[in-house]
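Each chain is listed here by its residues.
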Amino acid sequence: MNDIIDGMTPIDGGFHVKDLDDEHCVDVMRMAYNWRVVLGRRGHVIYDHGWCYFGHGHDENGHPRSMHTARLRAIAAAIAWDGTGSPDGYDKQAC
């Protein structure tokens, strides 16, 4: 993958983007039809919340989505997000 950003670490099923504090982290995980920004516990085993970035269908402007663009959107949102509220640009809140 050519879109790994400095500071991101590959983990099982996705990427660790950043630590928020001593307990929480932000990861980007691949799902079957989307990529998901997740707020979880450090250690990448327990996730508290998730937001989907669709990798299928069409966006609100009728443009086709792909898993590649979904991954880039999710990574950009995770990098910019401070862990409060919801990350920008998500398509569906998963949990």
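Residues numbered from 1 in each chain as written. Predicted model: local features only at pLDDT ≥ 70, side-chain atom pairs only at ≥ 80, totals over all residues. Heavy atoms only, no water.

S.K.: Sorry, what's going on with the packing of aromatic side chains here?
M.R.: What characterises a pair of aromatic rings is the spacing of the ring centres plus the angle enclosed by the ring planes. Per the stated rule, a full pass over the model turns up 2 aromatic pairs. Look at Phe15 and Trp35: their rings are 6.1 Å apart centre to centre, the planes differ by 15°, and that puts the pair in the stacked class. Residue Phe15 is found in strand β2 (residues 14-19), and its partner Trp35 is found in strand β4 (residues 34-41); the two are separated by 20 residues along the sequence. Under the relative-accessibility criterion, Phe15 is labelled buried at 4%. Under the relative-accessibility criterion, Trp35 is labelled buried at 2%. (Phe/Tyr/Trp six-rings, centres within 6.5 Å; stacked < 30°, edge-to-face > 60°. Helix = DSSP H or I, 4+ residues; strand = E, 2+ residues; numbered from the N terminus. Buried < 20%, exposed > 50% of the residue type's maximum accessible area, 1.4 Å probe, protein only.)

S.K.: Any chance you could explain the nonpolar core here in plain terms?
M.R.: Core analysis: the biggest nonpolar cluster contains 17 residues, and Val28, Trp35, Val37, Tyr53, Ala74, Ala78 and Trp81 have the highest contact counts within it. Looking at this core, the elements that each hand over two or more residues are β2, β3 (24-30), β4, β5 (47-54) and α1 (67-80). In terms of residues, this core owes the most to one element, α1, which gives 6 residues. Excluding residues within four positions of it along the chain, Val37 makes contact with Val26, Asp27, Val28, His49, Gly50, Trp51, Tyr53, Ala74, Ala78, Trp81 and Pro87. (Core = buried A, V, L, I, M, F, W, Y, C linked by side-chain atoms within 4.5 Å. Contact = heavy atoms within 4.5 Å.)

S.K.: Would you mind going over the pattern of salt bridges with me for this structure?
M.R.: Any two side chains of opposite charge can pair, on the condition that their charged atoms come close. With the rule as written, the count across this model stands at 5 salt bridges. For Arg41, the salt bridge goes to Asp48, with nearest N and O atoms at 3.0 Å. With its nearest N and O atoms 3.1 Å apart, the salt bridge here joins Arg65 to Asp91. Of this pair, Arg65 sits in the loop between β5 and α1 while Asp91 sits in the loop between α1 and β6 (92-93); the two residues are 26 residues apart in sequence, bridging distant segments of the chain. Using a relative accessible area of 18% as the deciding quantity, one classes Arg65 as buried. The network of salt bridges with shared partners includes Glu23, Arg41 and Asp48. (Salt bridge = Lys/Arg side-chain N within 4 Å of Asp/Glu carboxyl O.)

S.K.: Is there a simple way to explain the sheet that holds β2 in this structure?
M.R.: If you trace the 6 strands from one edge of the open sheet to the other, you get β1-β2-β3-β4-β5-β6, paired in antiparallel fashion. The outermost strands of the open sheet, each flanked by one partner alone, are β1 (9-11) and β6. The sheet contact formed by β1 and β2 spans 3 bridges and is antiparallel. Following the sheet pairing, Thr9 is matched in β2 by His16. (Pairing = 2+ DSSP bridges.)

Take it as geometry only, folks, not as evidence of what the structure does.
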